[in-house]
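# Examination of the molecular architecture
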Amino acid sequence: LAFLAIAILNLASSLVHGLGSGSFAMAACWLALAVFAVLCGGIPCDQHAMALNGLGWFVVVTAVVGILAAAGVLPPEGTMAAGRLCILFEYSNATGIWFGMGALVLASSDDGRLRSLGVLPLFALLLTKSVGAIVVTAVALAVVAIWGLRRHEELHAVLLAASWVGAVGSFAVYLVMPRVGAAAVVVVVAVMLGFGARLKSGASLTRVVVLVAGGLTLAAVVGVLVWEPARWAQAQETFAERLVQKHDGLSLLVAQPWLGVGPGQWAELYGDVQTADYIATVNHCSYLQMALDGGIVAPVIFAAVTGFAVVQCARRGNFLWAMAGAMLLVHSIFDFDLSFFALQFFLVLLVSSANDDVSERH
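Our subject in this report is the structure included herewith. Computed from a predicted structure; not experimentally measured.

About the thresholds
Residues numbered from 1 in each chain as written. Predicted model: local features only at pLDDT ≥ 70, side-chain atom pairs only at ≥ 80, totals over all residues. Heavy atoms only, no water. Helix = DSSP H or I, 4+ residues; strand = E, 2+ residues; numbered from the N terminus. Areas by Shrake-Rupley, 256 points an atom, 1.4 Å probe, with all protein chains shown as cover. Phe/Tyr/Trp six-rings, centres within 6.5 Å; stacked < 30°, edge-to-face > 60°. Buried < 20%, exposed > 50% of the residue type's maximum accessible area, 1.4 Å probe, protein only. Patch = residues over 30% accessible without salt bridge, like charges linked within 9 Å, V, L, I, M, F, W, Y side chains within 5 Å. Salt bridge = Lys/Arg side-chain N within 4 Å of Asp/Glu carboxyl O. Expected span 1.5 Å × (residues − 1). Axes fitted to C-alpha atoms, helices over the stretch in contact; angles between N-to-C directions. Parallel < 35°, antiparallel > 145°, perpendicular 65-115°, else oblique. Left-handed = near helix turned anticlockwise from the far one by under 90°. Contact = heavy atoms within 4.5 Å. Nonpolar A, V, L, I, M, F, W, Y, C, P; charged D, E, K, R; others polar.

A few words now on the overall build of the chain. In terms of helices and strands, the chain carries 16 helices and 2 strands. Only carbon and sulfur atoms are counted for the fraction: they give 70% of the accessible area of the chain, which is about 15,800 Å².

Let us now look at the packing of aromatic side chains. Within a pair of aromatic rings, the relevant descriptors are the distance that separates the centres and the angle that separates the planes. This structure, assessed with the given rule, holds 19 aromatic pairs. An angle of 90° between the planes, with centres 6.2 Å apart, marks the rings of Phe-123 and Tyr-174 as edge-to-face. With a gap of 51 residues between them, Phe-123 in helix α6 (residues 119-128) and Tyr-174 in helix α8 (residues 154-176) connect regions that are remote in the sequence. When sorted by exposure, Phe-123 lands in the same class as Tyr-174, which is buried. For the ring pair Phe-336 and Phe-340, a centre distance of 5.6 Å and an interplane angle of 25° mean the geometry is stacked. Of the two residues, Phe-336 and Phe-340, neither departs from the other in class, the shared state being buried.

A word on a nonpolar patch on the surface. Together, Leu-1, Leu-4, Ile-8, Leu-31, Val-35 and Leu-39 give the surface a local cluster of nonpolar side chains, amounting to about 620 Å² of exposed area. Ranked by residues supplied to the nonpolar patch, first place goes to helix α2 (residues 24-41) with 3 residues. On the secondary structure map, Leu-39 appears in helix α2.

All right, on to the pattern of salt bridges then. Applying the stated criterion across every chain yields a total of 2 salt bridges. For Arg-113, the salt bridge is made with Asp-111, and the minimal N-O distance between the two is 2.8 Å. Owing to a relative accessible area of 51%, Arg-113 belongs among the exposed residues under this scheme. Note that Asp-335 and Arg-242 form a salt bridge whose closest N and O atoms lie 3.2 Å from each other. In this pair, Asp-335 sits in the loop between α15 (319-331) and α16 (341-351) while Arg-242 sits in helix α11 (residues 229-255), placing the two residues 93 residues apart along the sequence. Asp-335 sits in the buried class, given a relative accessible area of 0%.

For the rest of this paragraph, the subject is unusual backbone geometry. Residue Glu-90 is not a glycine yet carries a positive backbone phi of 55°. In this structure, Glu-90 sits in the loop between β2 (84-85) and α4 (92-108). A positive phi is found at Lys-129, a non-glycine position, where the angle reads about 55°. Of note, Lys-129 is situated in the loop between α6 and α7 (131-150). Exposure remark for Lys-129: the relative accessible area of 15% places this residue in the buried category.

So, on to α4. The terminal C-alpha atoms of α4 lie 25 Å apart, and with 17 residues this matches the ideal 24 Å at 1.5 Å per residue to within 8%. With 17 of its 17 residues buried, α4 lies for the most part within the structure.

What follows covers the environment of Ala-183. Note on placement: Ala-183 falls in helix α9 (residues 178-195). For the pair Ala-183 and Val-173, spaced 10 residues apart in sequence, the C-alpha separation works out to 9.6 Å.

Moving on, we come to the packing of helix α3 (residues 45-70) against α6. The contact between α3 and α6 brings their axes to 9 Å, and the two run at 45°. As judged from the angle between their axes, α3 and α6 are oblique. As α3 packs across α6, the resulting crossing turns out to be left-handed. Within the contact between the two elements, α3 uses Val-59, Val-60, Ala-63, Val-64, Gly-66, Ile-67 and Ala-70 and α6 uses Leu-120, Pro-121, Phe-123, Ala-124 and Leu-127. Looking at side-chain class alone, the contact of α3 with α6 contains 11 nonpolar, 1 polar and no charged residues.

From the geometry alone we can't say anything about function, so treat these as descriptive.
Okay, here's the thing in structure tokens:
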């Protein structure tokens, strides 16, 4: 119902502003998402987990293809842009959050092989060099580690921490020698497949691995400042630019708050209120872009319903699924992830409730 309401708001905005039939595409996307949500709500728990396992294998395949392209084994066209992995979305930041969410889906799987392959999406995440996606994922992994220790579910925490250590270590090698770094992650995968499925963790082991992961993350931050200062400077510039975009977007929204300026019209109108030099066909705050498309009520509905769904997902015992959904919602504050409906479909599949009682899952 929430997605249907947003579809209607987008349609109404298109009609009020006298836009062409092409502007109805946004309303159609929201309508499709509403239908998908209804379908997901009818999937029994075991089939829901099976569907996410299938999605997990797709995440693994896309990570492998991306790693091979980054190492120069496959052609970079459509996969790499300016030295950054951008597979699937042709936009590195969206690709980054895709792999961050995918890593948690793999960690939550009942399939031991998938749980042991978590290093692949995490390494692919680092290849995107998306500072925002990497930070959001690192924070999510820290939350999962704390949750695992408190709930005595150390296995998930230790596997994710070990995967993060392997991904960061391999990426450090990749920055110096790309093909050797790609080979290093293959070695890590082999080790994880050999020992990860049989790992019997305890709280003490988990604390050691988590501490190592934290220390390595700190070292990685220092390494980026040394080896990739240009990327760090670029990230700071783009962050400042996005704050300006928020200011300019609010200027447009204040003039027409209830139905916005019309789907897709930001690209046509932001030049009238632009306060800095930038080019952006989509506002880099997903929620502000949603308000510009269909009015201020649209993001309020979306945030309320999806936030509630994430909380309920966690309460049903699917903490890692909920955390993956929360990652997308948080990252979307500073990027236009929600303009990629594939990521929205991913979110709906993660947090949709099944008709039958859901047994405790982790």
